[in-house]
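Now for the letters of each chain:
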Amino acid sequence: MVRFLLSRLAQSVFILIGVTMITFALAFLVPADPVRMIAGRNATPTVVENIRHQLGLDRPIPVQYASYLTRLAQGDLGRSYMQRTDVSTLIASRLPATLLLMAGAIFFELLIGLSAGIWAATRRGRFSDKAVMVASFVGVSAPHFLLGLLLLYVFANLLGLFPLGGYGTWRHLVLPALTLGIAGGGWYGRVMRSSMVDVLRQDYIRTARAKGLKERKVVLVHALRNAILPIVAMIGLDIGIFMSGAVVVESVYGWPGIGQLAWQAIQVIDIPIIMGVTLTAAVAIVIGNLVADLVTPFIDPRVRL
Amino acid sequence: MRRIRSMLLAASAAALLAAASPAPASAAGSMVVTYKDDVSTLDPAIGYDWQNWSMIKSLFDGLMDYKPGTTELTPDLAESYEISPDGTQYTFKLRQGAKFHNGRELTAEDVKYSIERVVNPKTQSPGAGFFGSIKGWEEVSGGQSETLSGITVVDPRTVRFDLSRPDATFLHVMAINFSFPVPKEEVDRLGADFGKSPVGNGAFKLAEWTLGQRVVFERNPDYWKQGLPKLDRIEFQIGQEPTVALLRLQRGEVDILGDGIPPARFLEVKNDPANEGLIVEGGQLHTGYVTMNVKTPPFDNVKVRQAVNMAINKDRIVKIINNRAVPANQPLPPSMPGYDKNYKGYAYDPEGAKKLLAEAGHPNGFETELYANNTDPNPRIAQAIQQDLAAIGIKANLKTLAQSAVIQAGGEGSAPMIWSGGMAWIADFPDPSNFYGPILGCGGAVQGGWNWAWYCNEELDKMAAEADALTDPAKKAEREEAWRKIFIRIMEDAPWAPVFNEQRFTMHAPRVQGDEALFVDPVHIPVHYDDVSVAQ
C-alpha cells in the first residue's frame, strides 16, 4: 500500500512536468504574440519590445521554461499578463465555486446515472430499458448551452423556482449542477447498465437468489458493490474534467468557476493563467485517479494495491 | 436648469408608477450592470478593454473631459488651459478642491507623476504611445530616464507641457484614461495590486471587488462636481451570459446590459412593443473595413483595390447583421468630426468592378486569402464578402482565426485581405487623427503595426502633420477640412474597402432615467455612469 502510494506519487511528478512542458510549448506555438495583446494598438515597436523584455519573453523558450519551473517549485504560478494579479489569487478566488459545482454535478450524475442504470439493467430488453437508454443518449448528446438555457428558462424564468443564474446559495447551485448531471448522468447510466448486466449474470448472484434473498437486496447489495467499480473510476476522471472548468455551463449560469477564467485567458494568450489552470486540472486528475484507485479495494476486496 | 426640472418630473412620474407595481429588486439609487467577461484591472494606466474603459472614467477624472452625451471637449480637473501660439506648449491650471478618495488634494505633481508612470516601460502600459508628442518621451519609453523633460510643475496648481511638435489632439490626449492622475503614495503602497484596489478622484469610489463575480462602486461624497453622481451605488455583475442578462432585465433584476442585446435575439427584442423606449440607438465611433495589402500583388494595383470596393454589396451585409449598422463609404464614421457627408464613395457595381479587374490585367480574376475573426457574426460577414468577390472572379479563401492570430497575420504582412470585424477600430478619442496614424499612416505600416493594408503615403503623412499643427481652437473647422481631404484622398488609393459603421443599441430597465444621449454617449460605453439616475 505504502509502496503503491510512493510509486504513484513519483509517477505523478513526471506527469505534471510533462503537462507543463506540453502546455508551455503549445502556448508558444500559437501563431500570436501575447505582448501585442498587452501593448494594444497604439504601441510603437519600442513599447512592444520594452514589454517583451519586462516579461522576459525575449529570452529563448527553454530558458523561459526553466525559469517557470524554478518559480513553480517555489510555489509561484506567476502573474497574469492582462489582469496584473497573481495567478494563484485568481485561481484561489474561483476554486470554491468550482469545487461546489463539481460536487453538485457529481451528485446529480450519480443520482441520475445509478438509478437509470440499475432500473434499465433489471429490465433488460424490455421497453422501459430501451426508453431509459434512449433518454440517457439524449442527455449525453444535448448541448450544454441549450440544456442550460432550457432549464434556466423553464425552472427559473417561467416557474421562478430558482434564481436566474449567479452564485451564493444552494438554490443557485441546483440548475447548473443539474445541467452537468443530466449530461454526465447519461454516461454513468449506460456504463452502470452494462456493468450491472454483466454482474447479474454471475454465479454468486444466482446463489444469492437461490438462497431466497429478495431481488431488491440481491441487486442493491450484492450486485451493486461489484457493478459500481467502473463508476468509481469515472468519478476520478470527472474530478479532473470539472476542475478545468465547465466553461459553457459556467457561462450560461454566470457561475464564477475556473472555466470562465481559462476561456478568457485563452482569448488573449494570457500564458500564466493558461499554465496555472492546466496545472490545477492536471493535479486534480492525478489526485482524482489516485483516490479512485485507493477507494477500490474497500469496495472490492479482491483488488490489492 | 430646464433639463433638470423635466427629469425631476419624469423621475416622480416613474416613482408613482413604481409604487403601483411590485418593488424592483435593486435598492433605490442603485443600479445593476452586467458584463460577460472579467474586469481585468481598474488602473487607468493599464485598463484598455470593453468593460473597464468607462468604469475607470467614473473612478478617475482627467484634466479634460467631454460634455456628457457629446464629443465636445471641456476642462475638467483643469479649470482653464492655455495653448501657446505655435501649439507646442499647453499650460493647465488645476481646479481647487479636487481630492483623491484618500482625502488628499490633487496637485500638479500628481499629473506629472501619473503620465511619467504610463510612459515608463516598467508599467507595461498599452497607453504609452499616446504621449509621444511630449518632449523627452523617447528617453523615458526607451528606459534611459524616468522623468519627462516636457512636463513642468510650475506651481502646485499649474502644470506645463512642452511638445516636440504642435499637436492639436493634445487636449483629447488629456481626456483619455491613460492621462488620469493617480496618487503616488497609494501606487507605492499597493504596487502592482493598485489595479485591484484603485484610489481615484472620480464621482465613484470602489466599495467591493469579489473576483470573477462583482465589482461595486459607491458615491464619492466629496466629489467636487455639484449634484454628481446621480446614483449612490452601481453593482457590476461579472460572468453574465448576455442572453440570461436580457431575461433578468425583463424581470427587473438588471438595469443595463453591458454587452448589449444578444445578436441572436436582437430583432425579436427590438420589435417587441413592450420594449418601446427602453432601447436607445446611436452612432458609434467605429468602422468595419476590409484591408488589402498594397505591398503585395495583385493588391499593389489600385484598380484591383477599387474593383474590390465596387464588388462588395454593403446593403446586403448590413441586412445580415439585422441592420445593426449603416453602410460606410469612407474610413471615418458619420459621428466623427471630419466625416464627408457629400462623398459618394464607390457604388456597388459588379460589372464596373469586372471591367477594372480586366484593365488591371486580371480578366479571369485571381485567388487570394481573406482573414477574419472567428466570432459571430464575423465569419458570416466574411462569407458574404467571399460571395461578392466570387461574382467578379476573385476566389478568396477564408481564414477564420482567433482574434490574436488575425492581428498577428496583419502585423507581419502575411494576410492579403483582412475583414476587420471583431478587432476593428473603435476610436480612443473623437478626433479624425485617431483613425489615421496607427491604421493608415506610415507609422503603423511596420512589423507588428496595425496598418494591415501596409499603406504608406508620405504626402498624406505630411498633410496629417500639418493638420495636427492647427492647434488653435479657432481653426477647428479648417483642421476638420484638412482631415476630410486626407481621408477622401485615401479612398482614391483605396487601401481599404469600408463596409459599415456599427450602430449602438443600449437597452436599459424602465427605472433608469436620463437624457437619451447619455445612453449612447460616444465616449462612455454602455452609458454615462455618472449622469444617469434611477427612479426612486
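1. Some words on the pattern of salt bridges
Inference 1: All told, the structure shown has 38 salt bridges over all chains when counted by the stated rule.
Inference 2: For the salt bridge of B:Asp193 with A:Arg79, the shortest nitrogen-to-oxygen distance reads 3.2 Å. Of this pair, B:Asp193 sits in the loop between α6 (184-190) and β8 (204-210) while A:Arg79 sits in the loop between α4 (61-73) and α5 (87-122), which puts the two residues in different chains.
Inference 3: Judged by relative accessible area, A:Arg79 falls into the partly exposed class, the value being 30%.
Inference 4: As a salt-bridge pair, B:Glu481 and B:Arg484 come within 3.7 Å of each other at their nearest N and O atoms. Separated by 3 residues within a single helix, B:Glu481 and B:Arg484 lie in helix α16 (residues 476-493), roughly one turn from each other.

2. Remarks on the sheet that holds strand β4 (residues 78-83) of chain B
All names here are of chain B.
Inference 1: Taken in spatial order, the 4 strands of this open sheet run β4-β5-β7-β6, and their pairing is antiparallel. One side of each edge strand has no neighbouring strand; the edge strands of this open sheet are β4 and β6 (151-155). When strand polarity is set aside, the average angle formed by the axes of neighbouring strands in this sheet is 20°.
Inference 2: Both β6 and strand β7 (residues 158-162) contribute to a ladder of 4 bridges, which runs antiparallel. Paired with Asp155 across the bridge in β7 is Thr158.

3. Digging into the domain arrangement of chain B
Inference 1: Here the domain parsing of chain B yields domain 1 (10-42 + 202-280 + 506-531), domain 2 (64-189) and domain 3 (286-502).
Inference 2: Centre-to-centre separation of domain 1 of chain B and domain 3 of chain B, based on C-alpha positions: 35 Å.

4. Regarding the confidence of the model for chain A
Inference 1: When pLDDT is averaged along chain A, the result is 89; 99% of the residues meet or exceed 70.
Inference 2: The element-level mean pLDDT for chain A is lowest in helix α3 (residues 45-54) of chain A, coming to 84, with α5(A) highest at 93.

5. Observations concerning the layout of surface pockets
Inference 1: Volume-wise, the second largest pocket comes out at about 980 Å³.
Inference 2: For the second largest pocket, the lining is made up of 38 residues, of which A:Asn42, B:Gly129, B:Arg165, B:Gly437 and B:Pro438 are closest to its centre.
Inference 3: When residues of the lining of the second largest pocket are traced back to their parent elements, those giving at least two are α3 of chain A together with α4 (137-141), α14 (437-440) and α15 (458-468) of chain B.
Inference 4: Sorting elements by how many residues they give to the lining of the second largest pocket places α15(B) first, with 4 residues.
Inference 5: The residue makeup of the lining of the second largest pocket, split by class, is 16 nonpolar, 16 polar and 6 charged.

The rules behind these values
- Residues numbered from 1 in each chain as written.
- Chains lettered and ligands numbered in written order.
- Predicted model: local features only at pLDDT ≥ 70, side-chain atom pairs only at ≥ 80, totals over all residues.
- Heavy atoms only, no water.
- Salt bridge = Lys/Arg side-chain N within 4 Å of Asp/Glu carboxyl O.
- Helix = DSSP H or I, 4+ residues; strand = E, 2+ residues; numbered from the N terminus.
- Buried < 20%, exposed > 50% of the residue type's maximum accessible area, 1.4 Å probe, protein only.
- Pairing = 2+ DSSP bridges.
- Axes fitted to C-alpha atoms, helices over the stretch in contact; angles between N-to-C directions.
- Domains from an automatic or database assignment.
- pLDDT = per-residue confidence, 0-100.
- 1 Å grid on protein atoms, 1.4 Å probe; cavity = no way out; pocket = protein on both sides within 12 Å on 5 of 7 lines; lining within 4 Å.
- Points joined across faces, edges and corners; volume = space filled by probe spheres on them.
- Nonpolar A, V, L, I, M, F, W, Y, C, P; charged D, E, K, R; others polar.

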